[in-house]
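Results of the structural survey
The residues making up each chain are set out below.
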Amino acid sequence: MAVARRSLAAAPGARISDTGRWKEAGLALLFLAPSIVVFVIFFYYPFEQLVLRGLYRNNIAGDNLRYVGFGQYGDVLGGEEFRLGIWHSIQFLLYTVPAGLLFGTVLAVVANRRLRGIKIFQTIFTSTVATSTAVAGFIFLAVLNPSIGVVKSPDLLSQPSTAMFGVAIVGMWQNLGLSFIIVLAGLQAIPQEIDEASLLDGHGPLRRFFRVTLPLISPVLLFLLVILVVNAFQAFALIDAVTRPAGGPNGATETIVFKIFENRTPDRLGDGSVMSVGLFLVTFVVTLAQFLFLERRVHYGD
């Protein structure tokens, strides 16, 4: 009987607890509602329309829309144009992402000092973030132009074998500011006591960096890597600003986004939609792979 009374006495409290949880869930949903609405309107609905648009084909006049089914997905995603665009995007990624990570980290480590005037150098290193793509392209052409440039370099943009590397130089320079800001923020978040303890243990600068600093900023580096990879797959404006004709020479710098842009006419809009979906899937798979294979090497401090 005593046990039964305690159970009955606890029941109203349980109901109150359940009611409180429902109220908390409703309040959380209320706060999330604006973000959900924005995502539905500006991402989920357009993406659904993009997937559906890939099932149709039209003529050049845009007045003969007809259903062709998922066969168009197989034809486009398995076609040479899509594969070539993805390969050019991967080339741009391989040139710019490792360089952005390396140089941004080196600059951040160098600038993470308590010195008089160091803020001036930190501002200079972050200036590339505020530089537009058009300005960055103009600077590249003005400095490295083989005819009128300050530095008499080989004409990288005129040869198909070197054009992507020429464009990637500008991409590397633009990535420096973003990489520097993110890595410097991670370095400044490390407690000073950890560095002092490492010094007392007799660790030199290199050993302290690889054994202490690098593991502590590994979450920051993983985040930066994902951002740089996504940006590399979306490269378009820089290539359009630097190369003339755009995407040249002989299509050597036509990334997948460039291919999508070329398929914007009514008769090719279905192909462009399929390529857009394909780019989303490639980016999703690459990003997921980074989290799955690299996150186990990331150190999250307690």
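Residues numbered from 1 in each chain as written. Predicted model: local features only at pLDDT ≥ 70, side-chain atom pairs only at ≥ 80, totals over all residues. Heavy atoms only, no water.

Description of the side chain of T213
If you trace the backbone, T213 turns up in helix α8 (residues 205–216). We classify T213 as buried; its relative accessible area is 11%. Apart from residues no more than four positions distant in its own chain, T213 is found in contact with L187, I190, D195 and R208. (Helix = DSSP H or I, 4+ residues; strand = E, 2+ residues; numbered from the N terminus. Buried < 20%, exposed > 50% of the residue type's maximum accessible area, 1.4 Å probe, protein only. Contact = heavy atoms within 4.5 Å.)

Describing the packing of aromatic side chains
One pair of aromatic rings is described through two measures. These are the centre distance and the angle between the planes. Going through the model one piece at a time under the given rule, you end up with 13 aromatic pairs. Where F43 meets F47, the ring centres are 6.0 Å apart and the plane angle is 10 degrees; that geometry is what we call stacked. Here F43 and its partner F47 are both found in helix α1 (residues 2–53), four residues apart, which amounts to about one turn of the helix. Aromatic side chains F209 and F210 sit 5.1 Å apart centroid to centroid with 80 degrees between the ring planes, which places their arrangement in the edge-to-face category. With relative accessibility at 17%, the residue F209 sits in the buried group. (Phe/Tyr/Trp six-rings, centres within 6.5 Å; stacked < 30°, edge-to-face > 60°.)

Some words on the packing of helix α7 (residues 192–200) against α8
Orientation of α7 relative to α8, taken along the N-to-C sense of each, is 160 degrees, at an axis distance of 11 Å. Classified by the angle their axes make, α7 and α8 are roughly antiparallel. Helix-helix and strand crossings are classified by hand; for α7 and α8 the assignment is right-handed. Each of I194, D195, S198 and L199 in α7 lies in contact with α8, whose residues at this interface are R208, V212, T213 and L216. (Axes fitted to C-alpha atoms, helices over the stretch in contact; angles between N-to-C directions. Parallel < 35°, antiparallel > 145°, perpendicular 65-115°, else oblique. Left-handed = near helix turned anticlockwise from the far one by under 90°.)

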